[in-house]
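Residue-level structural notes
Below, each chain spelled out in residue letters.
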Amino acid sequence: MTAGASPSPAPGRFGGFGGRYVPEALIPALEQLEEVWRKAAVDPEFVGELERLHRTYTGRPSIITEVPRFAQHCGGARVLLKREDLNHTGSHKINNVLGQALLTARMGKTRVIAETGAGQHGVATATAAALLGLDCVVYMGQKDTERQALNVARMRLLGAEVIPVRHGSQTLKDAVNEAFRDWVANVTTTHYVLGTVTGPHPFPEMVREFHRIIGVEARQQVLDLVGRLPDVVCACVGGGSNAMGIFHRFIDDAAVRLVGLEAGGSGIESGHHAARFSTGLPGVLHGAFTYVLQDEDGQTIESHSVSAGLDYPSVGPEHAYLRESGRAEYRPITDTEAMQAFSLLCRTEGILPAIESAHALAGAMQLGRELGRDAVILVNLSGRGDKDVHTAARWFGLIEPDAPDDLGTTR
Amino acid sequence: MSADRSEDTSEERVRPGTQGRGAAAGMSADRSEDRSEGRVRPGTQGRGAAEHTSVEPILRRCQDEGRAALIAYLPVGFPSVEGSIEAMRVVVEAGVDIVEIGMPYSDPVMDGAVIQDAAVRALERGVRLRDVFTAARAVTDPAGQAAGCVVMTYWNPVLRYGIERFAADLAAAGGSGVITPDLIPDEAGDWIAAAETHGLDRIFLVAPSSTPERLAAVTSACRGFVYASAVMGVTGARASVGEAAHDLVSRTREATDLPVCVGLGVSTGEQAAEVGRFADGVIVGSALVRCLTEAASEAAGRAALGDLARELADGVRGARG
């Protein structure tokens, strides 16, 4: 495994992507995490406890909802929403967080840290910490604390300490940097509840496994409702956890198209976006070899999106692999397209989606028009939009603009 | 942004442990912009010669003098490329044995506030990866007071530049090796191969959390020296660095005969002396960088830098006296 050894793949590779690009100081913690997780995954006690929390705390299984009025704008295709927005805390993030919080207790650690962009993962982590009696610190880019002030307050109400990160771009990537710095210094007492399917092994695989329940449930629900598998599964992709969660159970169903929707921001040509698969290149960021927005010296390029949760310059390594292998396809959705879909779902179905999830809805509109009325499209509605009311109200001119302009698109 | 290279006559460069003329000849007179395309160091002169580019002989020489070596981290490009090279000359004249040239990176997860701040400012001022080679040439230039030279860089800039190309260009510039804070040997197959080809040291980190198994695995992949991070945490001055560092160095020595150098937290001559009693090298970064970031002028920064470097150099020299 070391000097001169053959380049046999290190653990946690998806094709050539993934790996462990972190300081040596963290390797023992990652090894411990993997060991504890792999044992827990086959331990009936752990599996049973997580299942009980899903059922009695999160509200699983989440339902699927057919949205015929919205589907009229999707070429007449049948559109089904997997309602992760109805989970406790308002998004899919709770699935992963409960799993990692239980592992934290198993490792004998008493403190959790997390990064957050939109605040959904931070809220979920603060929630799980409250539930299990763990100390909780959440790192959040200063700009995101302004964009998502409501979620900052939620986390503090739940007893978490929220630390605004003022380095670099002051968004999600810098929050991740700061969380890693904290973790290196406090690793003996602290577990880093990484919120998406990237980072060093075992995070990409482990976080995917905690979210895999989304696709497991949805696949059966679609079969029960429609009598066949969907033609397409759509999900938004920031780091990519909700997408991996719903995609994974369908990977062996070769006829089901898997489509990830990235944040196209102000448009690819504008340079202001988070479409890693449009202009990014393979590289290392935050512990994983994957697609990264980077300049010709390998410096990270800041991403841009109206959606704080998709505003991230890198993407989970398994997505890089699914894209390279051709199993999944990825498209950019601009801020404007996402906000149109956001508005449309509100008005046609009475469902307020997270702006992140609205990217997946916009993808469904495109694919429905391409495939026509025989198509069945499953969309992962990964979160609800309560947190985005302020941003949306300003986008659509429903309230007086604030003095400082803190809209993502204008950053 | 490009630094003055006029005085660089590396064909003649013979610094202690340099590989001799054959290697440098490949650099030719063309040192304008990008010199790297497809360059393979001529001959790569076989293993014996390649090993001579290591900084290990410098560390052994210091051992013979009964002291630890002093290794100074300075980021290239801050306050400017030229200014950073000036700063490197200042610390070498003050008695630093090896300069650790830091490549600024947008996402430095192992660095504390001082080095982050310098990195951000250097990037804003347009520092490029290729400036590392300019600095390496200057530091190892025998026309001045030459010192050993290694580069500290996060991995993505090297990946983007090309591992083989980076190794070739660094070796051609007189650099001895690379410290890789976010690359562990397990992921470093391509780098180890390129370093082997070009005779470069690969300096991996060990930490207080490292198990005996990890210490054995990591040190067996190292060449030049082993970088022992004294504390769990990021770069930056600490009030105390002693005990955990001492314990780590002892445990590391059980795994390897390579020199073991201690980094993270050292900021004073007294601490340098303390660490120098048990380590083969004392690595100082943030405290030196702060001299530059907090100075009222570049000249004042260099003066403060020289004072601190002399204090640290005295520290390692007095340590075992």
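Residues numbered from 1 in each chain as written. Chains lettered and ligands numbered in written order. Predicted model: local features only at pLDDT ≥ 70, side-chain atom pairs only at ≥ 80, totals over all residues.

1. Let's talk about the interface of chain A and chain B
Condition: Note on contacts: residues are paired as contacts if their backbone-placed C-beta atoms lie within 7 Å. Helix numbering and strand numbering both begin at the N terminus, where a helix is a DSSP run of H or I of at least 4 residues and a strand a DSSP run of E of at least 2. Here the nonpolar group is Ala, Val, Leu, Ile, Met, Phe, Trp, Tyr, Cys and Pro; Asp, Glu, Lys and Arg are the charged ones; every other residue, Gly included, is treated as polar.
Counting residues at the interface gives 34 residues for chain A, matched by 41 residues for chain B. Counting residues per element, the side of chain A that touches chain B draws most heavily on helix 8 (residues 172-186) of chain A, at six residues. Within the side of chain A that touches chain B, the residues separate by chemical class into 17 nonpolar, 11 polar and six charged.

2. Quick look at the confidence of the model for chain A
Convention followed: pLDDT measures how confident the predictor is about each residue, on a scale from 0 to 100.
Here chain A shows a mean pLDDT of 93. Residues at 70 or above account for 95%. Note on residues 1-8 of chain A: pLDDT under 50 across the span, and 14 contacts to partners over four residues away in sequence or across chains.

3. Focus: unusual backbone geometry
Here the bond from Arg60(A) into Pro61(A) is cis, since omega is -5°, no more than 30 degrees from zero. Within the element layout of this structure, Pro61(A) appears in the loop between helix 2 (44-58) and strand 3 (64-66). For the peptide bond that leads from Phe78(B) to Pro79(B), omega is 0°, which places it in the cis range. Among the secondary structure elements, Pro79(B) is positioned in the loop between strand 1 (69-75) and helix 4 (81-93).

4. A closer look at the sheet that holds strand 9 (residues 281-284) of chain B
Residues and elements named next belong to chain B. Note the threshold: Two strands are counted as paired when DSSP detects at least two bridges linking them. The angle between two axes is taken between their N-to-C directions and runs from 0 to 180 degrees, where each axis is a line fitted to C-alpha atoms and a helix contributes only its stretch in contact.
The strand order across the open sheet formed by nine strands is 5-4-3-2-1-9-8-7-6, and the pairing between neighbours is parallel. Bordering the open sheet on either side are strand 5 (201-203) and strand 6 (205-206), each of which pairs with just one other strand. Alignment of strand 1 against strand 2 (residues 98-102), held across five bridges, turns out to be parallel. In the strand pairing of strand 2, leucine 74 is matched with isoleucine 101. Its contacts with the sheet put helix 14 (residues 298-318) on strand 1 and strand 9, and the angle it makes with strand 1 is roughly 155°.

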